[in-house]
Amino acid sequence: MMSSFSELKPGASHKNPGRVHKQISESESAVLPGTESADSGLGDVDDLPVPQQIRISNITCDSFKISWDMDSRGTERITHYFIDLDKKEHKNSNKFKHKDVPTKLVAKAVPLPMTVRGHWFLSPRTEYTVAVQTAAKQPDGEYAVSQWSERVEFCTADYSTVHLNQLLQKAEAIAGRMLPFTVFYRNQQQDYFQQASPSYRSRDAQCRRMLPSVKDNSGSHGSPISGKLEGLFFSCNTEFNTGNPPQDSPYGPYRFQIRADILFNQNTNIYFGDFYCMYTSYHYVILVLAPDGSKGDAFCKGRLPALDRSNNRFLSCTEEDDGSLSFHHAQDVILEVIYTEPVDLSSGTVTQISGHQLMSQSTVNAKKDPSCKICNISVGR
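The paragraphs below set out a description of the structure included in this document.

Rules behind the numbers
Residues numbered from 1 in each chain as written. Predicted model: local features only at pLDDT ≥ 70, side-chain atom pairs only at ≥ 80, totals over all residues. Heavy atoms only, no water. Salt bridge = Lys/Arg side-chain N within 4 Å of Asp/Glu carboxyl O. Pairing = 2+ DSSP bridges. Helix = DSSP H or I, 4+ residues; strand = E, 2+ residues; numbered from the N terminus. Buried < 20%, exposed > 50% of the residue type's maximum accessible area, 1.4 Å probe, protein only. Expected span 1.5 Å × (residues − 1). Arc of directions from axis to C-beta. Contact = heavy atoms within 4.5 Å.

1. Overview of the pattern of salt bridges
Next up, step 1: Tallied over the entire structure, the rule returns 12 salt bridges.
Next up, step 2: The residue Lys301 makes a salt bridge to Asp297 at a minimum N-O spacing of 3.6 Å.
Next up, step 3: One continuous salt-bridge network, built from bridges that share partners, spans Asp84, Asp86, Lys104 and Arg151.

2. Looking at the sheet that holds strand 13 (residues 203–204)
Next up, step 1: With respect to topology, 3 strands assemble into an open sheet ordered 13-14-24, the strand pairing being antiparallel. Of all strands in the sheet, those with a lone pairing partner are strand 13 and strand 24 (343–344), marking the two edges.
Next up, step 2: As paired elements, strand 14 (residues 209–210) and strand 24 share 2 bridges and run antiparallel to each other. Bridging from a neighbouring strand, Arg209 pairs with Asp344 of strand 24.

3. Focus on the environment of Ala173
Next up, step 1: Secondary-structure assignment places Ala173 in helix 2 (residues 161–174).
Next up, step 2: Residue classification places Ala173 among the exposed residues on the basis of a relative accessible area of 65%.
Next up, step 3: Considered as a pair, Ala173 and Ile374 are 201 residues apart in the sequence and their alpha carbons are 9.1 Å apart.

4. What about helix 2?
Quick reminder: α-helices carry 3.6 residues per turn. Residues three or four places apart thus point the same way.
Next up, step 1: End to end, helix 2 covers 20 Å across 14 residues, agreeing with the expected 20 Å (1.5 Å per residue, within 8%).
Next up, step 2: Buried within helix 2 we find His163, Leu164, Leu167, Leu168 and Ala171. Down the axis of helix 2, the buried set is contained in an arc of 145 degrees. They therefore lie on one face. Facing away from the buried side of helix 2, by more than 90 degrees, are the exposed residues Val162, Gln169 and Ala173.
Next up, step 3: Looking at the buried side of helix 2, the elements it contacts are strand 18 (268–276), strand 19 (284–291) and strand 20 (306–307).
Next up, step 4: Count one or two residues on from helix 2 and you reach Gly176, which has phi positive near 80 degrees.

5. Some thoughts on unusual backbone geometry
Next up, step 1: Here the amide bond leading from Leu112 into Pro113 is cis, since omega sits at 0 degrees, within 30 degrees of zero.
Next up, step 2: Counting through the fold element by element, Pro113 comes out in the loop between strand 6 (104–108) and strand 7 (114–117).
Next up, step 3: In this structure, Asn58 is a non-glycine residue whose phi angle is positive, near 50 degrees.
Next up, step 4: Mapped onto the elements of the fold, Asn58 is located in the loop between strand 3 (52–57) and strand 4 (63–69).

6. Here we look at the pairing of strand 12 (residues 183–188)
On a regular strand, one side chain projects to one face of the sheet and the next to the other, so that they alternate.
Next up, step 1: Most of strand 12 sits out of view: 6 of its 6 residues are buried.
Next up, step 2: Along strand 12, one buried face is formed by Val183, Tyr185 and Asn187 and the opposite face, lined by Phe184, Arg186 and Gln188, is buried too.
Next up, step 3: Bridge count for strand 12 against strand 17 (residues 254–259) is 6 bridges, and the pairing is antiparallel. Residue pairing for strand 17: Arg186 is matched across the bridge by Phe256.

Written as structure tokens, this is what we have:
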């Protein structure tokens, strides 16, 4: 059963839990049916039962269910639950989080387990701690409360396919017309392609293969591929005026180039992985190419939205009447293509590009702009 709760007023004193006022605007009350709007306070700790054995279940990217045990003594007096929800602190915690973001929730006492849902304070793939009090509202508007329960930890989940489909629809809206291309390419430093180089885990020097490595944490915070999917990044975007790959790259001055049909053909499944920007006017779409039945394909099935390889708004492979394959990419987004299997260097060519190494365009561990209305959905960043 879903809870009915309100957030305590931002900036309320946490040093004196015996007196905290809550306020909620009329518009917020419309969003949260059943929310109380009257000012009230907390009384001294009462002999109400203290929640014990806190259990968290049914975790999604923006909700969870919570239940607990408690003595039967005094339960008939309970009218509300107070839920104290906080992000677990880490050395690399988000330094931009405002200290006054409210995380103390007031919920009317309902049968347990109770669903706590709220994209305005819950983010995907984030560690939280939670503690609970039972409370009894008094005739004068004050609350009598129990002691706090033990504090337990949990982590919210990745985006579900429902959320990814919302991102997909937003990306499709700005993809633009399709342009032809013939090759995928991957830029690196020169020593990456040298056979004797042992310094890259994504290179098998002895067999001259490029090996899949775990995707970094760039892009949407809730994307299920970050830190989990293994693959090789390729690009396929072309310059509008030449139809060729650009001569600039943020990843290195040496480029491996391979015919498109070697990586993308009728045996390759294509999935949508993410849509994001980095405080710039251009947007990135991450796609996954996985040979049918491969380990990467098994990872993507059920996690990522599958695309029609010959008819989608980003990257298409179409069989012509003569049996040849033609390829097109979206003009108005930058495509990052993850191929999930090793690739032999002998299947393509390595050449030095003539342009600049534009490090400012690197997407390595890049953070998504949480304020962009084009590429964000309503379940966190």
